[in-house]
Amino acid sequence: FSSSRAFTKDHEQYSKKKRDFVHVLLKRKKTFVTVTDSSGNKKTGASAGCLEDRKGRSRLSRYASEAVAEHVGRSARKMGLSSVVMKVKGASFFKKKKKVILSFREGFRGERVRDRSPIMYIHDVTQLPHNGCRLRKQRRV
């Protein structure tokens, strides 16, 4: 009986912890990076179109997604966030996802390279079909 009480207390402490989330949405031609609190309220965010130095086709380039993540990382550090949980969504290559994650970390750290990484863990929330829709009944002639 006492062990179940201890479990509920631990569970309450874990659920009461306020975590900040970084949502990264990677599409073919767009990248959105948003920082929210645990209840889903937006704190900061950006996309490639928001950056002043990116104009025209350069917003669609590979570099644009890294620049966006770095920009949001800098703004998150200015807000005073200590640790974040990353949720990455998008059916792009893992190489692109990795570059975005690393550039967010670089933007957050800045020149302080020896500091601990602010990312607690990374969760890939890309939706994957298990078996797809049921096929049509085959026509018999």
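Residues numbered from 1 in each chain as written. Predicted model: local features only at pLDDT ≥ 70, side-chain atom pairs only at ≥ 80, totals over all residues. Heavy atoms only, no water.

**Focus on the overall build of the chain**
To be explicit about the condition: Labels follow the DSSP assignment, with helices taken as runs of H or I lasting at least four residues and strands as runs of E lasting at least two, numbered in each case from the N terminus. Relative accessibility decides the category of a residue: with a 1.4 Å probe and only protein chains considered, values under 20% of the type maximum give buried, values over 50% give exposed, and everything between is partly exposed. Only heavy atoms matter for contacts: two residues are in contact if any of them lie within 4.5 Å across the pair. Only the protein chains shown count as cover for residues, and all accessible areas are computed by the Shrake-Rupley method using a 1.4 Å probe.
Helix and strand counts for the chain come out as 3 helices and 5 strands. Reading the helices (α) and strands (β) of the chain from amino to carboxyl end gives α-β-β-β-α-β-α-β. Counting only residues that meet the buried cut, the chain has 31% of its 141 residues in that class. Pairs at least 24 apart in sequence give 59% of the contacts found in the chain among residues at least 6 apart. Element-wise, carbon and sulfur atoms account for 51% of the exposed surface of the chain, whose accessible area totals about 11200 Å².

**Brief notes about the side chain of Asp37**
Here is the rule: Counted charges follow a simple rule, with Lys and Arg positive, Asp and Glu negative, and His plus the chain ends left uncounted. In the sections that follow, a salt bridge refers to a side-chain nitrogen of Lys or Arg positioned within 4 Å of a carboxyl oxygen of Asp or Glu.
Mapped onto the secondary structure, Asp37 falls in the loop between strand E2 (31-36) and strand E3 (42-47). Lys43 is the oppositely charged side chain nearest to the buried, salt-bridge-free Asp37, at an N-O distance of 5.6 Å. When sequence neighbours within four positions are dropped, the list of residues in contact with Asp37 reads Arg19, Asp20, Phe21 and Lys43.

**Some remarks on the sheet that holds E3**
Which entries qualify depends on this criterion: DSSP calls a pair of strands paired once it identifies at least 2 bridges connecting them. Note on geometry: axes are lines fitted to C-alpha atoms, helical ones only across the stretch in contact, with angles between N-to-C directions running from 0 to 180 degrees.
Spatially, E3-E2-E1-E4-E5 is the arrangement adopted by the 5 strands of the open sheet, whose pairing is mixed. Two strands in the sheet have a free side with no partner beyond their single neighbour: E3 and strand E5 (119-124). When the angles between neighbouring strand axes are averaged without regard to direction, this sheet yields 15°. For strand E1 (residues 20-26) and strand E4 (residues 84-89), the ladder comprises 6 bridges, and the chain directions are parallel. Looking at E4, one finds that Val22 is bridged to Met86.

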